[in-house]
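Residues per chain, in single letters:
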Amino acid sequence: MTQFQNYLDEATVAFSSTINDELVSVIKNNSVQIGIAESMLGGIISHYLHLLPESNTFISGSVVCHSPRSFLGLCGVSAQSLRESPEELTQAMAFTISQKLNIPVGIATAGTVKETDNAVLSGEVFLGFAILGKKRVKRVSLNGSYSVIMNQIYQSGFVYLKHYLMHTYNHN
């Protein structure tokens, strides 16, 4: 491993620790309840949120959907939403999970990741957020090994969630 790679690994760990602590602080300071609906990588956002301290106090529920039946039944999106763009589907998933659980914050992921040459993965993920009824979606391009992509998704999700929570709760 090169010295540069060691530096990047250390920076990633430091970044992850910092964003995790900041996100927990924002969630706890605002007594936020979160629901998660995902359709890729086995529920990566849910997985990493559950690793945060006292996650059982702010996660109301999470679901991973892979088939049209699960999208309709578990994620609660309409058949129309399944025919829409990934951005609109992700927004619908985030909004619907927050509504079904009767909580202020819904998070959703949808997208594609595929293997290219030499086990390098690429794709894109859409991160959907519904916070106090306001819908937002962010598109994140992905490229790298499986572990790099997992970090890209969860760190992007945490950074956007923290930003949106701070913006929403500091302006209400």
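Scroll up a little and you will see the structure.
Small disclaimer: the values here were computed from a predicted structure and weren't measured.

(A) Looking closely at the packing of aromatic side chains. Within this structure, the stated rule accounts for four aromatic pairs. Ring geometry for F129 against Y164: centres 5.1 Å apart, planes inclined by 70 degrees, an arrangement best described as edge-to-face. Taken together, the positions of F129 in strand β4 (residues 121-131) and Y164 in helix α6 (residues 146-170) put the pair 35 residues apart, joining distant regions of the chain. The two residues F129 and Y164 agree in class, both being buried. Here the aromatic residues Y48, Y154 and F158 are joined through ring pairs into a cluster of three or more. Across the ring face of F95, the terminal group of K135 is positioned such that the distance to the ring centre comes to 4.5 Å.

(B) Focus on the pattern of salt bridges. Counted by the stated rule, this structure contains three salt bridges. The partner of E22 in a salt bridge is K162, with the nearest N and O atoms 2.7 Å apart. Here K162 lies in helix α6 and E22 lies in helix α1 (residues 3-29), a separation of 140 residues in the sequence. Judged by relative accessible area, which is 33%, E22 ranks as partly exposed. In this structure K162 comes out as buried when scored by relative accessible area, which is 18%.

What counts and how
Residues numbered from 1 in each chain as written. Predicted model: local features only at pLDDT ≥ 70, side-chain atom pairs only at ≥ 80, totals over all residues. Heavy atoms only, no water. Phe/Tyr/Trp six-rings, centres within 6.5 Å; stacked < 30°, edge-to-face > 60°. Helix = DSSP H or I, 4+ residues; strand = E, 2+ residues; numbered from the N terminus. Buried < 20%, exposed > 50% of the residue type's maximum accessible area, 1.4 Å probe, protein only. Lys NZ or Arg CZ within 6 Å of the ring centre and 35° of its normal. Salt bridge = Lys/Arg side-chain N within 4 Å of Asp/Glu carboxyl O.

Worth remembering: the numbers are spatial, not functional.
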